[in-house]
Structures are given as structure tokens and as C-alpha cells.
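The lines below spell out each chain.
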Amino acid sequence: ETIFVRVESTEAGNDCFAITSFQLIVDIAPIANTTTDIAVCDDNANDGVENFNFTNLNTTILGTQDATMFSVTYHTSQTDANNNMNALTFPFVNTAPCQPIFARVENDTNTTCYDTTSFEICVYQQPIANQPDNMITCDLNGDGFEDYDLTTQETDILGAQNPANFNISFHTDQMDAENDMNP
């Protein structure tokens, strides 16, 4: 809407005035939709550091909003997201095992129209399953079966890893082990 402004002199007998105008514009306020936290296993030397590219989250964070009208940036603090400062570049390398990331969605025509959301990224230690020795025993009663205590292999399987940080389960086939089924 256009608003017209009249400025007139307060001097007696003076009919001088000036007119100007300005627009009232209502821009669409974006919504920063939530996204799930990201948990990854450290895939390179268990150093707690991984590369991330969050641009694949843009669709989730935008939801049904028009991607040609809104931009998404990512930040390491709420203050940076609010002030639209220090946007992350990709690949982003985490600086802590778990850290928050803040996404800012802004209207491309009016950057004061924005919303933020956050999620957490965590890099977890990749367990190492060391190859234990085969367990061999004699068939004492000739029926082809014997009892085994599989937990005696856990020390060899974990090696130097802290047992408090890991769960071990035993499965009769690889697919069950991969899908954590039928321990």
C-alpha cells in the first residue's frame, strides 16, 4: 500500500507544503522447520573429526516453502544465525564430538524476515571388531553339539578398546549381525 505524507508550514499565512510517499510492504516470514540430529561413526582413524555438508538438509528445513524465495545458511552459534554472520562453508569440519548447528532461513527480498532452528551433530568412535581365534572343542558325547561361552571371546574382539563403551552381541549369520537381529 502507498502512504502519502503531507508536510506543511506552521507559520501563519503560509500555505507552503510538500508531499512524499512511501510503501507499506509485508514480506513473507519464513519458517525454519526442524530436522533430526546427525550421528555419524568416525570413518577415518577415530580422531573424532568428520566432514559435513548440510545443504542436503535445505529441503527438510524449508519444507513446502519456495526455495527460490528463501535462503538457508548454517552457523555454529545462535548469535551468528540471528546476525547472519559467519555462515559455514562446506565441507564443514566439526570442532567437538557433539556440537549444535543453527540453520537460518531468510526471505531473499528482506533479510530481516528470518527464522532459525537447530540440530546437533555427533561423531562417535567407530568400533573395531578384532578377529578372535576360532573356538575348538571335542565332541565329548558324540552328538555333534557342545556348549560354548562366546563371551570369553570379548576381550580379544575388543582389544584395547574400553569395554564400557561397547556392547557385543553374537549372531548365527552376517545379515542378522548387520541388522542387529536375533542375537
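Note that the structure is predicted; figures quoted are calculated from it, not measured.

Our focus in this paragraph is the state of the cysteines. According to the stated counting rule, one finds one disulfide in the structure shown. With its sulfur 2.1 Å from that of its partner, Cys-98 forms a disulfide with Cys-122. Judged by the sign of its S-S torsion, about 125°, the bond between Cys-98 and Cys-122 is right-handed. Here Cys-98 is found in strand S7 (residues 98-107), whereas its partner Cys-122 is found in strand S8 (residues 110-124), with 24 residues between them in sequence. Residue classification places Cys-98 among the partly exposed residues on the basis of a relative accessible area of 35%. Between Cys-41, a cysteine without a disulfide, and Cys-122, which holds the nearest cysteine sulfur, the sulfur-to-sulfur distance is 11 Å.

Let us now look at the nonpolar core. In this structure, Phe-54, Ile-61, Tyr-74 and Ile-101 are the most contacted members of the largest nonpolar core, which totals 17 residues. Counting residues per element, the ones that place at least two in this core are helix H1 (58-62), strand S5 (70-75), S7 and S8. When neighbours within four sequence positions are excluded, Ile-101 is seen to be in contact with Phe-54, Tyr-74, His-75, Leu-88, Phe-92, Thr-117, Ser-118, Phe-119 and Ile-121.

The next point concerns the packing of aromatic side chains. Taken as a whole and assessed by the stated rule, the structure comprises seven aromatic pairs. The interplanar angle of 90° and the centroid separation of 5.6 Å between the aromatic rings of Phe-54 and Phe-90 together place this pair among those described as edge-to-face. Linking Phe-54 in the loop between strand S4 (51-52) and H1 with Phe-90 in the loop between helix H2 (78-83) and strand S6 (92-93), this pair joins segments that are 36 residues apart in sequence. What makes Phe-90 partly exposed here is its relative accessible area of 29%.

Here we take up a nonpolar patch on the surface. Where nonpolar side chains cluster on the molecular surface, the patch consists of Phe-4, Phe-17 and Ile-19 and spans about 370 Å² of accessible area. Inspection of the secondary structure puts Phe-17 in strand S2 (residues 17-23).

What counts, and at which threshold
- Residues numbered from 1 in each chain as written.
- Predicted model: local features only at pLDDT ≥ 70, side-chain atom pairs only at ≥ 80, totals over all residues.
- Heavy atoms only, no water.
- Disulfide = S-S within 2.5 Å.
- Helix = DSSP H or I, 4+ residues; strand = E, 2+ residues; numbered from the N terminus.
- Buried < 20%, exposed > 50% of the residue type's maximum accessible area, 1.4 Å probe, protein only.
- Core = buried A, V, L, I, M, F, W, Y, C linked by side-chain atoms within 4.5 Å.
- Contact = heavy atoms within 4.5 Å.
- Phe/Tyr/Trp six-rings, centres within 6.5 Å; stacked < 30°, edge-to-face > 60°.
- Patch = residues over 30% accessible without salt bridge, like charges linked within 9 Å, V, L, I, M, F, W, Y side chains within 5 Å.
- Areas by Shrake-Rupley, 256 points an atom, 1.4 Å probe, with all protein chains shown as cover.
- Salt bridge = Lys/Arg side-chain N within 4 Å of Asp/Glu carboxyl O.

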